[in-house]
Amino acid sequence: MDMGAYHGFFQANIGLWIPLTILLFLTIGYFGLPLIVWAVGMILGLCLWGAPNALMYFTAAVLLLFVIKPFRAATASRVVMLALKKLGFLPKISETERTALDAGVTWVEKDLFSGKPDFQKLMDETYPQLTAEEQAFMDGPVNELCRLIDAWKVWKSREVDESIWNYIKKERFLGMIIPKEYGGLGFSAMAHSEVIMKLSSRSIAVTIQVMVPNSLGPAELLVHYGTDAQKKDLLPKLARGEEIPCFGLTEPMAGSDAGSITSSGVVFKGTDGKLYIRLNWNKRWITLAAISSIIGLAFRLRDPENLLGKGEDAGITCALVPAQTPGVVLGRRHDPLTIPFYNCPTEGQDVVIPIDAVVGGAEGCGKGWLMLMECLAAGRGISLPAQATGGSKLAARVCSSHGVVRKQFGMSIGKFEGIEEPMARIASSTYALEAMRRYTLGALDKGIKPAVITAMQKYYSTEMGRKVINDAMDIMGGAGISLGKRNLLAEVYIATPIGITVEGANIMTRTLIIFGQGALRAHPFAYQEIKAVEANDLKMFDRAFWGHVGHIVSNLCRSICLSWTRGYIATAPKAHREMKVYFRRLKWASASFAILADVAMGTLGGELKAKQKITGRFADILANMYMATSVLRRFEADGRKEDDLPVVHFIMKQFMADIQKAFDGIFDNLKIPGLRWFMKGWIGAWSRINSMGSQASDGWSHQISTRMMYNDDHRERMTDGIYLPKSLTEQMGRLENARVVVMKAEATEKKIRKAIKEKILPKKKIHELFEEAFAKAVITEDEKKLLKEADKIRYDAILVDDFDEKEYHSKG
């Protein structure tokens, strides 16, 4: 075919060539094919379009420049790197931020941030189980400790009994994270979490006092960074409870911004020729401080004479200070929302300690911030998520029993649609909390410390727990607001803001850490680009920058293709047929998230840090993708139980709706110079029309609520791991027993209702018809006895506590 005929053929079929060309490049981008394939594709496209030879030669030359890496680095990459330096476009990273970024590792978040997550790999992640020894501890000492606790007595007396403290020490609850070789229990993260979860369903005050010595503090610091001498001396004492630890980090002017601590230490040489540190501090909100015997302390170390050889400002340092050291001030307490655990201020005035008191000895000087960040990278994924999960499981158990037992207008309140709605939210959130807890623990028990994931888990677990307890209080009504031995949820409700606040206030965690650190830590190229520019490493920059360009192009193509097809062209791993749609939607969400994150970083640069409403929405998308992945993993690990489908659908739809809401907020508020009209108008409108998800239908909430109240197997699995006393002298035992008896009586009540409809019995309240129903042979004598027993037990189970004036004002 000569060129004239070819051009005629091309012009006649231009309507076909345009979409074919677009499809070609979208396909290359979707699969992330290398640059050489793009080059061949472009040349082929120009040929098909009949471009002049000169244009094709010029294009080939330019493409060749980019394909040959040394030429590319020496020309284009050098210009770009110099421009970024000169314009100061990249974010400035402080030393404390850099330490936080380098602490821990990346895990699942890297896949979700990539735009093309490998869900088969994510579904193959290990799901942790307790060892036989750990399970024996749960069945023995943990259950016994729960039995010993009288939560109401702790509340009224505002202290944990000495007998409980002695049992905690005797069974080495304070040494769960201490290796066996030093006298501790040497438990896995899974076992540690299980203990906290069960205790939190019994008493928040006791839970916190067990939890804190096993989280960030002297024991954990010594295990990971202590000298052999420090470990041999202190770890056995901490494991046995002979030493009670606390850890002082926060101060009046340094809360979430812990890196700004003013507590100071100055190195000096004593008259004996040895090195010492003179400490001054003023700490606040330090748990166990008033009763501690050893204080872990974070402070900024100065060395005016450079005795350590690390310069005058040695940096943040951690040391262990005996509480009896002259100058240490202890004894006062804060009152954290009336929850009776020790949370205290502590001060130190010219306190002198030997250099050997620094964690890790002299070598540990200046390494405190790294120690803290690495410990928090793991710790945030254990204690508070376990506490939130335990509280949510308790709420699910109590509310599902109450929903059966409590009657209004002649029927169990759990059958009202108004109750079904919050009951479904409680059940689905509890399922998700357990899924996220177990999934994250799997990583921690493999030695992976994913700082972004654990920050995410801390924030969203405690926030989800807050929503659960609010819904639970609504369902419980008067039984929820009347304090006493019969109120099982009030302490959880009152204590909830404490978990929201500690280990990084939730507002700051969401807006600064999850996406702020995640954007650099989990992004495949961004942090490498920054480090390359700072190090003036052209080769590293060339590799990172052009990798980033390819990443952007690929995710743009993936986002377009997946958006047009609503994710249906994406592959899904081996999974239940009803779950595959969620895997595909999550791939769509991941691709859109990745390209939008690059757009935000590319247009706002270092200013993105200050746009916390934007970064918060990015955090919501990333976290909801992670939580959804956790739920899908749990469904697989549990054996794809059909009974769980309603709760899985309900929570997955909620996650997708929340992802969509966050995307809409970004499209509305991301101000890109010259393109805001396009983002807010065209892209925003398309996003709303082509929504990733909407709220679950009412049918799901009905099924979930019914299963939680009446399906014993489902209910046991949903609330597994909390303490369930059987005694009828305890409110949980009363509720559980009442639920069983009331359920037995419901079949007999149906007979009476049927007789009323058939006008065999008059239209009265059911409890007024027992004798007449028996007389008219509607029910048997045994059934009459069952109805009377059910009424009596029901009445006792729904009673709340009341007090005379002396009891009301009593502290015991």
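A. Molecular detail of the packing of helix H25 (residues 580-604) against helix H26 (residues 612-637). Close contact between H25 and H26 brings their axes to 10 Å; oriented N to C, the two are set at 155 degrees. Relative to H26, H25 is oriented roughly antiparallel. As H25 runs across H26, the sense of the crossing is left-handed. Between H25, through Tyr582, Phe583, Leu586, Ala589, Ser590, Phe593, Leu596, Ala597 and Ala600, and H26, the contact on the second element is made entirely by Phe618, Ile621, Leu622, Met625, Ala628, Thr629 and Leu632. Taken together, the residues of the contact of H25 with H26 break down into 14 nonpolar, 2 polar and no charged.

B. Broad picture of the pattern of salt bridges. Counting across every chain of the model gives 40 salt bridges. Residue Lys180 is joined to Glu133 by a salt bridge in which the shortest nitrogen-to-oxygen separation is 2.6 Å. Within this pair, whereas Lys180 is found in the loop between helix H11 (162-170) and helix H12 (189-200), its partner Glu133 is found in helix H9 (residues 132-148), the two being separated by 47 residues in sequence. Its relative accessible area of 48% is what places Lys180 among the partly exposed residues. Close ionic contact of Arg466 with Glu463 constitutes a salt bridge, the shortest N to O distance being 2.9 Å. Highlighted residues: Arg466 and Glu463, both in helix H19 (residues 451-476), separated by 3 residues, approximately one helical turn. For Glu463, a relative accessible area of 13% translates into the label buried. Each of Glu194, Lys393, Glu434, Arg437 and Arg438 takes part in a single network of salt bridges with overlapping partners.

C. Structural context of the environment of Pro326. Along the chain, Pro326 falls in the loop between strand S5 (313-322) and strand S6 (328-329). On the accessibility criterion, Pro326 (65% relative accessible area) is exposed. With 26 residues separating them along the chain, Pro326 and Val352 place their C-alpha atoms 7.9 Å apart. In contact with Pro326, not counting residues within four places along its chain, are Asp350 and Val351.

D. Summary view of the environment of Ala544. Looking at the element boundaries, Ala544 is found in helix H24 (residues 538-564). On the basis of relative accessible area, Ala544 is assigned to the buried category, the value being 5%. As a C-alpha pair, Ala544 and Ile530 span 14 residues in sequence and 9.3 Å in three-dimensional space. Setting aside its immediate chain neighbours within four residues, Ala544 contacts Phe525, Gln528 and Glu529.

E. Summary view of the pairing of strand S1 (residues 245-248). Side chains Pro245 and Phe247 of S1 all project onto a buried face; the interleaved residues Cys246 and Gly248 project onto the opposite face, where all are buried too. Taken together, the 4 bridges between S1 and strand S4 (residues 294-302) define a ladder with parallel strand orientation. Following the sheet pairing, Phe247 is matched in S4 by Gly296.

F. How the structure looks around the packing of aromatic side chains. Summed over the entire model, instances satisfying the criterion amount to 19 aromatic pairs. Relative to Phe583, the ring of Phe119 lies with its centre 5.4 Å away and its plane at 65 degrees, an arrangement referred to as edge-to-face. Of this pair, Phe119 sits in helix H8 (residues 119-123) while Phe583 sits in helix H25, and the two are 464 residues apart along the sequence. Take Phe583: its relative accessible area is 1%, and that puts it in the buried class. Judged by centre distance (4.4 Å) and plane angle (75 degrees), the rings of Tyr459 and Tyr460 are edge-to-face. Here Tyr459 matches Tyr460 in class, with each residue buried. Cluster of aromatic residues (ring-pair linked, three or more members): Phe113, Phe515, Phe593 and Phe618. Above the face of the Phe268 ring, Arg278 is positioned so that its terminal group lies 4.4 Å from the ring centre. Just above the ring of Phe774 sits the side chain of Lys784; from NZ or CZ to the centre is 4.5 Å.

About the thresholds
Residues numbered from 1 in each chain as written. Predicted model: local features only at pLDDT ≥ 70, side-chain atom pairs only at ≥ 80, totals over all residues. Heavy atoms only, no water. Axes fitted to C-alpha atoms, helices over the stretch in contact; angles between N-to-C directions. Helix = DSSP H or I, 4+ residues; strand = E, 2+ residues; numbered from the N terminus. Parallel < 35°, antiparallel > 145°, perpendicular 65-115°, else oblique. Left-handed = near helix turned anticlockwise from the far one by under 90°. Contact = heavy atoms within 4.5 Å. Nonpolar A, V, L, I, M, F, W, Y, C, P; charged D, E, K, R; others polar. Salt bridge = Lys/Arg side-chain N within 4 Å of Asp/Glu carboxyl O. Buried < 20%, exposed > 50% of the residue type's maximum accessible area, 1.4 Å probe, protein only. Pairing = 2+ DSSP bridges. Phe/Tyr/Trp six-rings, centres within 6.5 Å; stacked < 30°, edge-to-face > 60°. Lys NZ or Arg CZ within 6 Å of the ring centre and 35° of its normal.

Purely spatial values, then, with no claim about function.
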